[in-house]
Amino acid sequence: MGSKTAPLGCCIAFFKNILNIINVLFLLLGIVVIITASILRWSSVLNKFTNIKGIDTLITLGSVNNISVAMLVLGGFIVLLSIFGLIGAQKQISFFLKVYLGLVIVIFLAMLISILVLIFTSSKIENEYKKSVNTTVYDINANFDADKCKIMKALSETFECCGSYSPIDFKNETVRAECCDAKFLQGKGCGPQVVDNIKKNAINLLVIPSTIIMGIELFAIITTSCLVGRIGRRGN
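Residues numbered from 1 in each chain as written. Predicted model: local features only at pLDDT ≥ 70, side-chain atom pairs only at ≥ 80, totals over all residues. Heavy atoms only, no water.

1. Comments concerning the overall build of the protein chain
Each helix and strand counted, the protein chain has seven helices and zero strands in total. Overall, the protein chain shows an N-to-C arrangement of helices and strands of α-α-α-α-α-α-α. The 236 residues of the protein chain split such that 39% are buried. For the protein chain, long-range pairs separated by at least 24 residues make up 80% of all intrachain contacts whose partners lie at least 6 apart in sequence. In the form shown here, the protein chain has an accessible surface area of approximately 12800 Å², with 65% of it arising from carbon and sulfur atoms. (Helix = DSSP H or I, 4+ residues; strand = E, 2+ residues; numbered from the N terminus. Buried < 20%, exposed > 50% of the residue type's maximum accessible area, 1.4 Å probe, protein only. Contact = heavy atoms within 4.5 Å. Areas by Shrake-Rupley, 256 points an atom, 1.4 Å probe, with all protein chains shown as cover.)

Next up, the structure:
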C-alpha cells in the first residue's frame, strides 16, 4: 500500500507546486491586465481618440470603449480566479479544483472567441472609420463646416496627420491650413495614420498580454486536470 501511495503523494506535491506557480503568474497577469486596461481607457492613444469632440460622427465609440471595459472585468476575474486556485491547490480540495478548472476553460474559450471576433470585425471598424473621415473631408470641401473642420484639426494635432489620405484631399491651402495642424500640412492622411497608430498600440496592449494569458491558461488546464486525477486516485 505504501509503495503505491508514495508515488501518488510525490505526484500530487509536484502538480500542486506547479499549479501554485501558475496561479501566482495568473495573479500578476491579472494585475497587469487591469493596469493595461486602465491605461487603455484613461491615458492611452485611444483615450485621446475618444476625447476628440464630435469623433462619434466618425466611428461608433462603443466598439472602442468596450475593449477596455472587457479587459478590466477580465483582469479582476483573473485575480479572483488565481486566489481561488491557490486555495484549492494548497488545501487539495477536489471540488475547488474542479470549479477552478471549469472556470479556466470558460475564460480560455471566451478569450479565444473574443480574439477571433476582434480579428474578423477589426477590418469593418477600420473601413467604417476611413469612409467616415473621407466623407467628412468631402463635406468640408463641398460646403465648409466649421465643426467638422475642428474634428479634422483635432485628429491632425493628436495623430500628426492631415486630410483623409493625404493633405491634398482639401480643395485648397486655406481650408487645409484651417483644418490641419500647421506642423503636419505635409504629413500623412488621418485615415491610415490613425488606424496604424491604434493597431500598433493594440499589439502591445491587447495581443501580447492575451497570448501570454491564454498560454498560461492552457498550462493551468493540463496541470489542474492531472492534479484532480491524482487526488481522486489517492482517495480511492
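2. Section: the packing of aromatic side chains
Summed over all chains, the structure comprises two aromatic pairs. Between Phe84 and Phe96, the aromatic rings sit 4.7 Å apart at their centres with planes inclined by 0°, giving stacked as the arrangement. Of the two residues, Phe84 sits in helix α3 (residues 62-91) while Phe96 sits in helix α4 (residues 94-142), which places them twelve residues apart along the sequence. With a centroid separation of 6.4 Å and 70° between ring planes, the pair formed by Phe95 and Phe96 is classed as edge-to-face. We classify Phe95 as exposed; its relative accessible area is 57%. (Phe/Tyr/Trp six-rings, centres within 6.5 Å; stacked < 30°, edge-to-face > 60°.)

3. Some remarks on the nonpolar core
Judged by nonpolar contacts, the single largest core of 28 residues is most densely connected at Phe26, Tyr100 and Leu227. Those elements giving two or more residues to this core turn out to be α1 (2-42), α3, α4 and α7 (190-235). The leading source of residues in this core is α7, at nine residues. Residues within four places of Phe26 in sequence aside, it is in contact with Ile78, Ser82, Tyr100, Ile213, Ile216, Glu217 and Ala220. (Core = buried A, V, L, I, M, F, W, Y, C linked by side-chain atoms within 4.5 Å.)

4. A look at the side chain of Lys16
Secondary-structure assignment places Lys16 in helix α1. Buried and unpaired, Lys16 has Glu217 as its nearest opposite-charge partner, separated by 24 Å. Apart from the residues within four sequence positions on either side, Lys16 is in contact with Ala89, Gln90, Gln92 and Leu227. (Lys, Arg positive; Asp, Glu negative; His and termini not counted. Salt bridge = Lys/Arg side-chain N within 4 Å of Asp/Glu carboxyl O.)

5. Some thoughts on helix α5 (residues 146-159)
The end-to-end C-alpha distance of α5, which contains 14 residues, comes to 20 Å, matching closely the 20 Å that a straight helix rising 1.5 Å per residue would cover. For α5, the full list of buried residues reads Cys149, Ile151, Met152, Ala154, Leu155, Ser156 and Phe159. Of the residues flanking the start of α5, the one acting as N-cap is Asp145, its side-chain oxygen 3.0 Å from the backbone nitrogen of Asp147. At the exit of α5 stands Glu160, carrying a positive phi of roughly 55°. (Expected span 1.5 Å × (residues − 1). Polar contact = N/O pair within 3.5 Å; in protein donor to acceptor, adjacent residues only side chain to side chain.)

6. Some words on unusual backbone geometry
The phi dihedral of Glu160 falls on the positive side, at around 55°, and the residue is not glycine. Following the sequence through the fold, Glu160 ends up in the loop between α5 and α6 (173-179).

7. Structural notes on the state of the cysteines
Linking two cysteines covalently through their sulfur atoms gives a disulfide. Overall, the coordinates contain three disulfides when judged by the stated rule. Disulfide partner of Cys149: Cys179, at an S-S distance of 2.1 Å. What sets the handedness of the Cys149 and Cys179 disulfide is the S-S torsion sign, and at about -120° it is left-handed. Highlighted residues: Cys149 in helix α5 and Cys179 in helix α6, separated in sequence by 30 residues. Here Cys179 falls in the buried class, since its relative accessible area comes to 0%. (Disulfide = S-S within 2.5 Å.)

Nothing here speaks to function; it is all geometry.
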